[in-house]
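# Summary of structural features
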Amino acid sequence: MFDTLYDWFWWDRIWLPVNLTWADLEDREGRVYAKASHLYVTVPYTFAFLLIRYLFERWIATPLAVSAGIKTRVHLKAQDNPVLERYYITQSRNPAQADIDGLSKKSSLSVRQVLRWFRRRRSQDLPGTLKKFREASWRFVFYLSAFFGGIAALYDKDWFYDTWEVWTGFPKQSMLESQYWYYILEMSFYGSLLLSVAFDVKRKDFKQQIIHHLATLVLLSFSWCVNYIRIGTLVIIVHDASDVLLESAKLFNYAKWEKTCKSLFVLFAFVFMVTRLIIFPFWLIHCTWVYPVHHYPAFFGYYFFNVMLVVLLCLHIFWAYLIVCMIRKFMFGTLTRDERSDNEEEEEEEESSLTEEESEDQHKPGNGLAVDEKENKESKKNKNGGFGCLSPPENISRSKTVY
């Protein structure tokens, strides 16, 4: 049974064009071809990247963040309450008004105290600026190194300037050592991102990020096995180009260098649109969709590879929409955070007001009138989605980009 599935999975007609077999991709006549067995080496390299990241964030990124004035934010801890904690974990982080009333009775707390507990509990789960700075630092260093490494590996190759050359002599194209390491390191890095995504800062496009990492790994693995390495290297370098600018903009934002951050973000938006929405579809996808049929008839792998590229293009369009929304707010002076982020600022503002509110409560007269009014306000605010509002209060005079 296993042998049958194995033979079916590696059937020549699925992976290779007509009249080609795996025997044609065996090393001979000085040519060296990529093999599926080579991909096993990415497993130890993936864990090596995780270890290197840990050491980098601890010994390099953290001191750099401290020198930039970024400190660990200490969140006020919610009091232990099994009833509220069970609801928070199993039901919702933002309970509805009806649930708040029920939780108030079960926990023997007032409605105001229940609201305050959930606000404080949510604030405990918010990622601090230091954590975000360290993550962005790691990604920036890798993308920068990978981009210039890709330039060094491709600048003297004909297919870097003329995409028609991508298919010249295919599939009998010998793999270069620079291509080998470029692929292995990129795949290992994305493998480490896939493993660490559950522990990294979670954003609204969490699912899209998972799809992106999986699609990238599938594309790289497939292109490796069928010797689509030339087009694969071009896809990689096009993606790394804008990622460098995005991560650098985040770093300057966390360090509160607002002008530098905004300039880099505008530059990132321009490079993203050019590379992901112009070069990627009209050069690279055109190269994989139109040119191959001039060399061999279309086969399953041809359609599969192009469909995966289209999946990436759809993700690019989704992110381009978010970028346009940010630019629109940036132009009108209302941009306060990344469109992909959860409502972190609102939660932090709520947390910073908790101490003041508790202090005020201690000095309020005991007639119950003031407390009732505040509880009613809190209830209305929660019911109307005040804590999930995307727009900042009008009296906030500052305007900055938060990624």
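Being a predicted model, the structure only gives us computed values, none of them experimental.

## Describing the confidence of the model for the protein
- For the protein, per-residue confidence averages 79 on the pLDDT scale, and residues scoring 70 or more make up 78% of the total.
- Of all the helices and strands in the protein, helix H14 (residues 369-383) carries the lowest mean pLDDT, 45, while helix H3 (residues 42-67) carries the highest, 94.
- Predicted confidence for residues 341-351 stays below pLDDT 50, and this span has 41 contacts to residues more than four positions away or in other chains.
- Low pLDDT, under 50, characterises residues 366-403; the predicted model gives this stretch 75 contacts beyond four residues in sequence or across chains.

## Notes on empty space enclosed by the protein
- According to the stated counting rule, one finds four cavities of 30 Å³ or more in the structure shown.
- A volume near 130 Å³ is recorded for the second largest cavity.
- Every residue lining the second largest cavity is counted, 15 residues in all, and those nearest its centre are Thr216, Leu220, Val235, Ile236 and Leu312.
- Put simply, the parts of the chain that give the lining of the second largest cavity at least two residues each are helix H8 (177-196), helix H9 (206-225), helix H10 (229-254) and helix H12 (300-331).

## A closer look at the nonpolar core
- Residues Trp167, Phe189, Trp224, Tyr228, Ile231 and Phe280 are the most contacted members of the largest nonpolar core, which totals 74 residues.
- Looking at this core, the elements that each hand over two or more residues are helix H2 (12-15), H3, helix H7 (129-154), H8, H9, H10, helix H11 (258-289) and H12.
- Excluding its chain neighbours within four sequence positions, the residues that come into contact with tyrosine 228 are Trp167, Phe170, Tyr183, Phe222, Ser223, Tyr296, Phe299, Tyr302 and Phe305.
- With 11 residues, the next largest nonpolar core counts Leu84, Tyr88, Leu103 and Phe118 among its residues.

## Regarding the packing of H10 against H11
- Taken N-terminus to C-terminus, the directions of H10 and H11 make an angle of 165°; their axes are 9 Å apart at the nearest point. Relative to H11, the element H10 lies roughly antiparallel. Crossing geometry of H10 relative to H11 is assigned as left-handed.
- Of the residues that constitute the contact of H10 with H11, the class distribution is 20 nonpolar, seven polar and two charged.

Thresholds applied
Each chain carries its own residue numbering, running from 1 in the direction its sequence is written. Since the coordinates come from a predicted model, pLDDT governs what is reported: local features require at least 70, and pairs of side-chain atoms require 80 or more to be given and counted, while whole-chain, interface and lining totals use all residues. Side-chain numbers here rest on the full set of heavy atoms in the structure, without hydrogens or water. As a per-residue quantity, pLDDT reports the predictor's confidence and falls between 0 and 100. A run of DSSP states H or I qualifies as a helix once it reaches four residues; a run of E qualifies as a strand once it reaches two. Both are numbered from the N-terminal end. In this analysis, two residues are considered to be in contact whenever any of their non-hydrogen atoms come within 4.5 Å of each other. Of the grid points, spaced at 1 Å and generated over the protein atoms alone, those admitting a 1.4 Å probe that cannot get out make up cavities, while open sets with protein on both sides within 12 Å along at least five of seven lines make up pockets; any residue with an atom within 4 Å of a point is treated as lining. Grid points are joined across faces, edges and corners, and a volume is the space filled by probe spheres set on the points. Note on terminology: a nonpolar core comprises buried Ala, Val, Leu, Ile, Met, Phe, Trp, Tyr and Cys residues joined through side-chain atoms within 4.5 Å. With a 1.4 Å probe rolled over the protein chains alone, any residue whose accessible area is under 20% of its type maximum counts as buried; one over 50% counts as exposed, and the rest are partly exposed. Each axis is a line fitted through C-alpha atoms, taken for helices only over the stretch in contact, and angles between the N-to-C directions span 0 to 180 degrees. Here the angle decides the label: under 35 degrees means roughly parallel, over 145 means roughly antiparallel, 65 to 115 means roughly perpendicular, and every other value means oblique. Handedness of each helix crossing follows the sense of rotation of the near helix against the far helix: counterclockwise by less than a right angle gives left-handed, clockwise gives right-handed. Gly is placed with the polar residues, together with every amino acid not listed as nonpolar (Ala, Val, Leu, Ile, Met, Phe, Trp, Tyr, Cys and Pro) or charged (Asp, Glu, Lys and Arg).

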